[in-house]
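Listed below are the residues making up each chain.
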Amino acid sequence: EKVSRFIVGLMARSERSDTASAFEYRIRHRELGYRWVADNISVTSDDAGVPVAVVGNVRAVTERVEIQHALRTSEEHFRALIENSLEAIAIVNGEGRLTYESPSFERTLGYSLSDETGRDTFEFVHEDDLPRIQGIFDAIARTPGEVVHDELRVWHKDGSLRIIEVVGQNLL
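Here's a quick rundown of the structure.

**Let's talk about the nonpolar core**
Next, step 1: If you look at the biggest cluster of nonpolar residues, it comprises 10 residues: Leu98, Phe105, Leu109, Tyr111, Phe122, Phe124, Val125, Ile133, Leu152 and Val154.
Next, step 2: Secondary-structure elements contributing two or more residues to this core are helix 3 (103-109) and strand 6 (147-155).
Next, step 3: Not counting the four nearest positions on each side in its chain, Leu98 is found in contact with Ala90, Ile91, Val92, Phe105, Glu116, Thr117, Gly118, Arg119, Thr121 and Phe124.

Below, the structure is given as structure tokens:
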């Protein structure tokens, strides 16, 4: 009954021949419990535009939906950890430019996040530390997965110097 009303409604909404629609929904399987399915339905109309047939294809997508949910949950947890951490976290591309800064980056160095994305990270480094840090960056860039710990002096927005500990890892 519900399926028939659904198909009739779909056919009524069909404004042209061969209208296709895709839906995902849960169904209850007698032995497996609730399962997710993807349903692709095409309405075929005659030359006058009157719907004459409905062709459907249903496939099981429970595993994909559950994986997507687990990934979304994991991303939400990770985002909450990063955005609420006291540690300043930055992602730097292969050219040494900032592509992401956590909110703590602004609290630590005083720079507005929106203003710093794309900025060369070496601009923050004290000139006496720059050759060493550039060398470390180059070494990390050549060795995927390697983790390096170091301390360096960086410029705060107010012009003062801050000594910070950094942990770098090549994830490219």
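**Quick look at the packing of aromatic side chains**
Next, step 1: Overall, the coordinates contain three aromatic pairs when judged by the stated rule.
Next, step 2: Aromatic side chains Phe105 and Phe124 sit 5.7 Å apart centroid to centroid with 85° between the ring planes, which places their arrangement in the edge-to-face category. With Phe105 in helix 3 and Phe124 in the loop between helix 4 (113-116) and helix 5 (130-142), this residue pair connects regions lying 19 residues apart in the sequence. Judged on exposure class, the residue Phe105 and its partner Phe124 are both buried.
Next, step 3: A centroid spacing of 5.0 Å and a plane angle of 75° characterise the contact between Tyr111 and Phe124, whose relative ring orientation is edge-to-face.

**A short note on the pattern of salt bridges**
Next, step 1: Going through the model one piece at a time under the given rule, you end up with six salt bridges.
Next, step 2: With a shortest N-O distance of 2.2 Å, Arg64 and Glu24 are connected by a salt bridge. Note that Arg64 is positioned in helix 2 (residues 62-84) and Glu24 in strand 1 (residues 19-29), a separation of 40 residues in sequence.
Next, step 3: By relative accessible area, Arg64 is classed as partly exposed at 32%.
Next, step 4: The class for Glu24 is partly exposed, based on a relative accessible area of 42%.
Next, step 5: Between Arg132 and Asp129 there is a salt bridge, with the nearest N and O atoms lying 3.5 Å from each other.

**Description of helix 2**
Next, step 1: Taking 1.5 Å of rise per residue, 23 residues should cover 33 Å, and helix 2 covers 33 Å from first to last C-alpha, within 8% of that figure.
Next, step 2: All of the buried residues in helix 2 are Thr62, Val65 and Ile82.

**Remarks on the pairing of strand 2 (residues 33-45)**
Along any regular strand the residues' side chains alternate between the sheet's two faces.
Next, step 1: Across nine bridges, strand 2 lies against strand 3 (residues 51-60) in antiparallel orientation. Residue pairing across strands places Ser42 opposite Val55, the latter belonging to strand 3.

**Things to note about the side chain of Asp150**
Next, step 1: With respect to the secondary-structure elements, Asp150 resides in strand 6.
Next, step 2: A distance of 2.6 Å separates polar atoms of two side chains, one belonging to Asp150 and the other to Arg132.
Next, step 3: The residues touching Asp150, leaving out its near neighbours within four places in the chain, are Arg132, Ile133, Ile136, Ile164, Glu165 and Val166.

**Comments concerning the side chain of Thr121**
Next, step 1: Structurally, Thr121 can be placed in the loop between helix 4 and helix 5.
Next, step 2: Classification of Thr121 as buried rests on a relative accessible area of 16%.
Next, step 3: Among the polar contacts made by the side chain of Thr121, one reaches the main-chain carbonyl oxygen of Gly96 at a distance of 2.8 Å.
Next, step 4: Beyond its immediate stretch of four places on either side in the chain, Thr121 contacts Val92, Gly96, Arg97 and Leu98.

Criteria and cut-off values
Throughout, a residue's number is its position along its own chain's written sequence, starting from 1. The predicted origin of the model limits local features to residues at a pLDDT of at least 70 and limits the giving and counting of side-chain atom pairs to 80 or more, whereas totals for whole chains, interfaces and linings rest on all residues. Only hydrogens and water are removed before side-chain values are computed, so all heavy atoms of the structure are retained for them. Here, nonpolar core refers to any group of buried Ala, Val, Leu, Ile, Met, Phe, Trp, Tyr and Cys residues whose side-chain atoms link them within 4.5 Å. Three exposure classes are used, based on accessible area relative to the maximum for each residue type with a 1.4 Å probe and protein chains only: buried under 20%, partly exposed in between, and exposed over 50%. Runs of H or I in DSSP of at least four residues are treated as helices and runs of E of at least two as strands, each being numbered from the N terminus. For this analysis, residues touch if any pair of their heavy atoms sits within 4.5 Å. Two aromatic rings from Phe, Tyr or Trp, using only the six-membered ring of Trp, form a pair when their centres are within 6.5 Å; if the ring planes differ by under 30 degrees the pair is stacked, by over 60 it is edge-to-face, and anything between is tilted. By definition here, a salt bridge exists when the distance from a side-chain nitrogen of Lys or Arg to a carboxyl oxygen of Asp or Glu is within 4 Å. Residue count minus one, scaled by 1.5 Å, sets the expected span of a helix. One bridge is not enough; two strands pair if DSSP finds at least two bridges between them. Polar contact criterion, stated in full: a pair of N or O atoms within 3.5 Å, where within protein one must be able to donate a hydrogen and the other to accept it, and residues adjacent in sequence count only if both atoms are side-chain atoms.

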